[in-house]
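What follows is the residue order along each chain.
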Amino acid sequence: KAMKKLVAVIPVRAGSQRVKDKNIRAFAGKSLLEHKIETVKQLPVEDIIVNTDSEEAIEIAKREGISYHRREPYYASSECSNSEFHHYLAQVTPAENILVAQVTAPLIKKESYLQAIDEFMQSDCDSLMSVRVLKEFIWYQGEPLNYSRDHMPNSQDLPEYVVPTFGLVIVKRDAMLENRSYIGKNPLFYKITQEEAIDIDTQLDFEFAEFMYQKTFSPLENI
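Residues numbered from 1 in each chain as written. Predicted model: local features only at pLDDT ≥ 70, side-chain atom pairs only at ≥ 80, totals over all residues. Heavy atoms only, no water.

### Side note on helix α2 (residues 55-64)
- Regarding α2, the residues found buried are Ala57, Ile58, Ile60 and Ala61. Viewed along the axis of α2, the buried residues span an arc of 160°, placing them on a single side of the element.
- Close packing links the buried residues of α2 with β1 (4-12), β3 (30-31), α1 (32-40), β4 (47-52) and β5 (67-70).
- For α2, the side-chain oxygen to backbone nitrogen distance between the N-cap and Glu56 is 3.3 Å, and the N-cap itself is Ser54. (Buried < 20%, exposed > 50% of the residue type's maximum accessible area, 1.4 Å probe, protein only. Helix = DSSP H or I, 4+ residues; strand = E, 2+ residues; numbered from the N terminus. Arc of directions from axis to C-beta. Contact = heavy atoms within 4.5 Å. Polar contact = N/O pair within 3.5 Å; in protein donor to acceptor, adjacent residues only side chain to side chain.)

### A closer look at the sheet that holds β1
- Pairing is mixed in the open sheet, where 7 strands are placed in the order β5-β4-β1-β6-β10-β7-β11. In the strand order of this sheet, the two ends are held by β5 and β11 (187-191), each with one partner. The sheet shows a mean angle of 35° between the axes of neighbouring strands, direction not considered.
- Relative to strand β6 (residues 95-101), β1 is paired through 5 bridges, and the arrangement is parallel. Its bridge partner lying in β6, Leu6 is registered against Asn97.
- Helix-sheet contacts for α1 involve β1, β4 and β6, and the interaxial angle to β1 is about 165°. (Pairing = 2+ DSSP bridges. Axes fitted to C-alpha atoms, helices over the stretch in contact; angles between N-to-C directions.)

### Focus: the packing of α1 against α2
- One way to put it is that α1 packs onto α2 with a least axis distance of 11 Å and a crossing angle of 35°. For the pair α1 and α2, the crossing hand works out as right-handed. For the pair α1 and α2, contact is made by Leu33, Glu34 and Ile37 and by Ala57, Ile60, Arg63 and Glu64, respectively.
- Across the contact of α1 with α2, the residue classes break down as 4 nonpolar, no polar and 3 charged. (Left-handed = near helix turned anticlockwise from the far one by under 90°. Nonpolar A, V, L, I, M, F, W, Y, C, P; charged D, E, K, R; others polar.)

### Brief notes about the environment of Lys191
- Checked against the element boundaries, Lys191 lands in strand β11.
- Spatially, the C-alpha atom of Lys191 lies 5.8 Å from that of Arg132, the residues being 59 residues apart in sequence.
- With sequence-adjacent residues up to four places away left out, Lys191 is seen in contact with Val131, Val133 and Glu160.
- A polar atom in the side chain of Lys191 sits 3.0 Å from the side chain of Glu160.

### Describing the pattern of salt bridges
- Within the structure shown, the criterion is met by 11 salt bridges.
- Across the salt bridge formed by Glu96 and Lys5, the nearest N and O atoms sit 3.5 Å from each other. Pair noted here: Glu96 is in strand β6 and Lys5 is in strand β1, with a separation of 91 residues, a long-range link.
- Of the residues examined, Glu96 reaches a relative accessible area of 39% and is grouped as partly exposed. (Salt bridge = Lys/Arg side-chain N within 4 Å of Asp/Glu carboxyl O.)

### A short note on the pairing of β1
- Most of β1 is tucked away: 7 of the 9 residues are buried.
- As defined by bridge partners, β1 adjoins β4 across 6 bridges and the pair is classed as parallel. Looking at β4, one finds that Ile10 is bridged to Val50.

### Things to note about the packing of aromatic side chains
- A complete count under the given rule lists 9 aromatic pairs for this structure.
- Note on Phe27 and Tyr213: the rings are 5.5 Å apart at their centroids and 70° apart in plane angle, and the pair reads as edge-to-face. Of this pair, Phe27 sits in strand β2 (residues 26-27) while Tyr213 sits in helix α6 (residues 203-217); the two residues are 186 residues apart in sequence, bridging distant segments of the chain. Take Phe27 and Tyr213: they sit in the same class, and that class is buried.
- Between Tyr213 and Phe217, the aromatic rings sit 4.6 Å apart at their centres with planes inclined by 40°, giving tilted as the arrangement. Of this pair, Tyr213 and Phe217 both sit in helix α6, 4 residues apart, which is roughly one turn of that helix. (Phe/Tyr/Trp six-rings, centres within 6.5 Å; stacked < 30°, edge-to-face > 60°.)

Purely geometric stuff here, so don't read any function into it on its own.
Rendered as structure tokens:
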């Protein structure tokens, strides 16, 4: 059986460390998971798989008419490192290329996904990762890291670092298996906007993301 070319995986953990049930609780009218499914259904993927240890998330997947993979408990635990999880996700996802759509990044626009898929398919990279640009004064162990004490530049003249946001990921399955990571040996870094880079980790993030989501995606008459 031929591997499907591009499959979307939506990873959802039942337990959440900081924000209780963040993936399935109400967020701007429906759960983060339902919002993400709605976006991903508009993309040119051959299958959508919710990878989860949450029975509620499985129920949502069934209701939405998409696939699910019941995650083994270890891979949903905090003992499991990112490297182990990325390797596992590649193992259980039958596809040449895997698009990982994080529910905790609800502000990534459909257009960004479409453009990223396009760029990935046309390039010879083995992975694409959304990044935000970091231009700030950074200190480490009592010393400035990205400028010198005797010459403090204007902030716009600082070197431009990029920070992986993990919100939008496309990776060749083989590269994911080999590198045990979403980021391969030949990655393409895809810059997203400050809004799209919002990632929900804390209660404050949740409320701020919901506020920005309603501001960005609500029909005009609701504003």
